[in-house]
Amino acid sequence: MLKRKIGRLGYEGSVVMFGAASLGSVTQEEADQSISYALNHGVNHFDTAADYGDAEVRLGPIISEVRNDIFLATKTGQRTKEKAKEEIYRSLERMRVDSVDLLQLHAVGTIEELDKCTAKGGALEAAIEAKEEGIIKAIGITGHGHQAPVTHLEALKRFSFDTVLLPLNYYMYSLVDYRAAFDALMAEANSQNVAVRVIKAIAKAPWEEGQERNYATWYEPFDRQEVIDACVHFVLSFPGIAGFASAGDIHLFPKIVDAVERYGSMNNEEAERILSSISGYTTIFGSPTSIA
């Protein structure tokens, strides 16, 4: 399993993060099988969130037993210090652990949301306090939508976040404004040794009305192995990317792991040929000018 350092934290994490959103509505048996598959294939980077349904509960039985062998990250979507602190402790309890390696302010994709988190009495204060108490080791920020790179660039000016997590895939990077904003964020993150971790690597398009939804993801994912290979190649071709989160369906996870294990067998030109020829490939976040 390919590993990269998680920014200034120095931890050698698997480039594919086990995206625990996939565990939000599965049985414990299904969760255990998926987690065990990850561990058996060298995945040591697990990323979840307080609002991923039952994900933290599903992680608990196995993750608590291998806690010292993995990098464990979770998120709080609360915006006040009081509520965020409560959620952090609840996450620890649900996962049966004493601490996490990374606590992220969740879904901060606009300046408005960033203002809420960084205001006096905001969620950032809870994260700082939790770090001082030793129950979290690092603080990050995540965001969805086309405004995430701009928002996270501003976030790095306000606070020394250890990580950022935001969307990246071939289509989104083809959008001129998104590319410029993402590149600017990457430059600043690299200068601060902030780990850039990405999501939505294999997202194809929003589900169409009436379309049969074969996966638990809130968008239509790619599921053909060759295309997943190309998607994974694309995001991993960025040397500053510490890792990417797997899609929110346990049935896609083995294909994503396979793609990582084959990384290097495909060149940039081949990935470009595959991804540029796909019909219906678009952003899942609405109009590029909208704040999604």
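- The name recorded for the chain in an unreviewed UniProt entry is Aldo/keto reductase, from Fictibacillus enclensis.

## Quick look at the pairing of strand S8 (residues 163-167)
Turning to step 1, where the next piece is worked out: With five of five residues buried, S8 lies mostly within the body of the structure.
Turning to step 2, where the next piece is worked out: Crossover connection from strand S7 (residues 139-142) via helix H6 (residues 148-158) to parallel S8: handedness right-handed.
Turning to step 3, where the next piece is worked out: As defined by bridge partners, S8 adjoins strand S9 (residues 195-199) across five bridges and the pair is classed as parallel. Residue pairing for S9: Thr163 is matched across the bridge by Ala195.

## Quick look at the pattern of salt bridges
Turning to step 1, where the next piece is worked out: Inspection of every chain in the model, using the stated rule, returns 16 salt bridges.
Turning to step 2, where the next piece is worked out: One salt bridge in this structure joins Asp101 and Arg67, with 3.0 Å as the shortest N-O distance. Here the residue Asp101 occupies a position in the loop between helix H3 (81-95) and strand S6 (102-105), and Arg67 occupies one in the loop between helix H2 (55-63) and strand S5 (71-76), the gap between them amounting to 34 residues.
Turning to step 3, where the next piece is worked out: Taking relative accessible area as the criterion, Arg67 reaches 13% and is therefore assigned buried.

## Here's the deal with empty space enclosed by the protein
Turning to step 1, where the next piece is worked out: Per the counting criterion, the structure on display carries one cavity of 30 Å³ or more.
Turning to step 2, where the next piece is worked out: Residue lining of the largest cavity: Asp229, Val232, His233, Ala259, Arg262, Tyr263, Gly264, Ser265 and Met266, and that is the complete set.
Turning to step 3, where the next piece is worked out: Tallying contributions element by element places helix H9 (residues 225-236) first for the lining of the largest cavity, with three residues.

## Here's the deal with the sheet that holds S5
Turning to step 1, where the next piece is worked out: Within the closed barrel, the eight strands sit side by side as S3-S4-S5-S6-S7-S8-S9-S12. Their pairing is parallel. Pairwise comparison of adjacent strand axes, ignoring direction, gives a mean angle of 25 degrees for this sheet.
Turning to step 2, where the next piece is worked out: When S7 meets S8, the two strands line up parallel, connected through three bridges. Pairing of Gly140 across the sheet is with Thr163, part of S8.
Turning to step 3, where the next piece is worked out: Its contacts with the sheet put H6 on S7 and S8, and the angle it makes with S8 is roughly 170 degrees.

## Examining the UniProt feature "domain: NADP-dependent oxidoreductase" (unreviewed entry) in the chain
Turning to step 1, where the next piece is worked out: UniProt records the feature "domain: NADP-dependent oxidoreductase" (unreviewed entry) at residues 17-204, using the numbering of this structure.
Turning to step 2, where the next piece is worked out: Within the segment residues 17-204, helix and strand shares are 47% and 17% respectively, and the terminal C-alpha atoms sit 19 Å apart.

## A word on the packing of helix H1 (residues 28-40) against H2
Turning to step 1, where the next piece is worked out: For the pair H1 and H2, the least separation of the axes is 9 Å and the interaxial angle reads 55 degrees. As far as their axial angle goes, H2 and H1 are oblique. Remark: the crossing between H1 and H2 carries right-handed chirality. Touching Gln28, Ala31, Asp32, Ile35, Ser36 and Leu39 of H1 are Val57, Arg58, Leu59, Pro61, Ile62 and Ile63, all from H2.

## Quick word on the layout of surface pockets
Turning to step 1, where the next piece is worked out: The computed volume of the largest pocket comes to approximately 380 Å³.
Turning to step 2, where the next piece is worked out: Residue lining of the largest pocket: 24 residues in total, with Ala21, Tyr52, Lys200, Trp218 and Gly248 positioned closest to the centre.
Turning to step 3, where the next piece is worked out: Across the lining of the largest pocket, the residue classes tally to 14 nonpolar, seven polar and three charged.
Turning to step 4, where the next piece is worked out: In this structure, the second largest pocket spans a volume of roughly 180 Å³.
Turning to step 5, where the next piece is worked out: As for the second largest pocket, its lining consists of Lys204, Trp207, Asn214, Tyr215, Glu220, Pro221, Phe222, Asp223, Arg224, Val227, Ile274 and Ile278.
Turning to step 6, where the next piece is worked out: Its residues assigned to classes, the lining of the second largest pocket comprises seven nonpolar, one polar and four charged.

The rules behind the values
- Residues numbered from 1 in each chain as written.
- Predicted model: local features only at pLDDT ≥ 70, side-chain atom pairs only at ≥ 80, totals over all residues.
- Heavy atoms only, no water.
- Buried < 20%, exposed > 50% of the residue type's maximum accessible area, 1.4 Å probe, protein only.
- Helix = DSSP H or I, 4+ residues; strand = E, 2+ residues; numbered from the N terminus.
- Right-handed = clockwise from strand over helix to strand, strands pointing away.
- Pairing = 2+ DSSP bridges.
- Salt bridge = Lys/Arg side-chain N within 4 Å of Asp/Glu carboxyl O.
- 1 Å grid on protein atoms, 1.4 Å probe; cavity = no way out; pocket = protein on both sides within 12 Å on 5 of 7 lines; lining within 4 Å.
- Points joined across faces, edges and corners; volume = space filled by probe spheres on them.
- Axes fitted to C-alpha atoms, helices over the stretch in contact; angles between N-to-C directions.
- Contact = heavy atoms within 4.5 Å.
- UniProt positions renumbered as here; feature names shortened; annotations may be inferred.
- Parallel < 35°, antiparallel > 145°, perpendicular 65-115°, else oblique.
- Left-handed = near helix turned anticlockwise from the far one by under 90°.
- Nonpolar A, V, L, I, M, F, W, Y, C, P; charged D, E, K, R; others polar.

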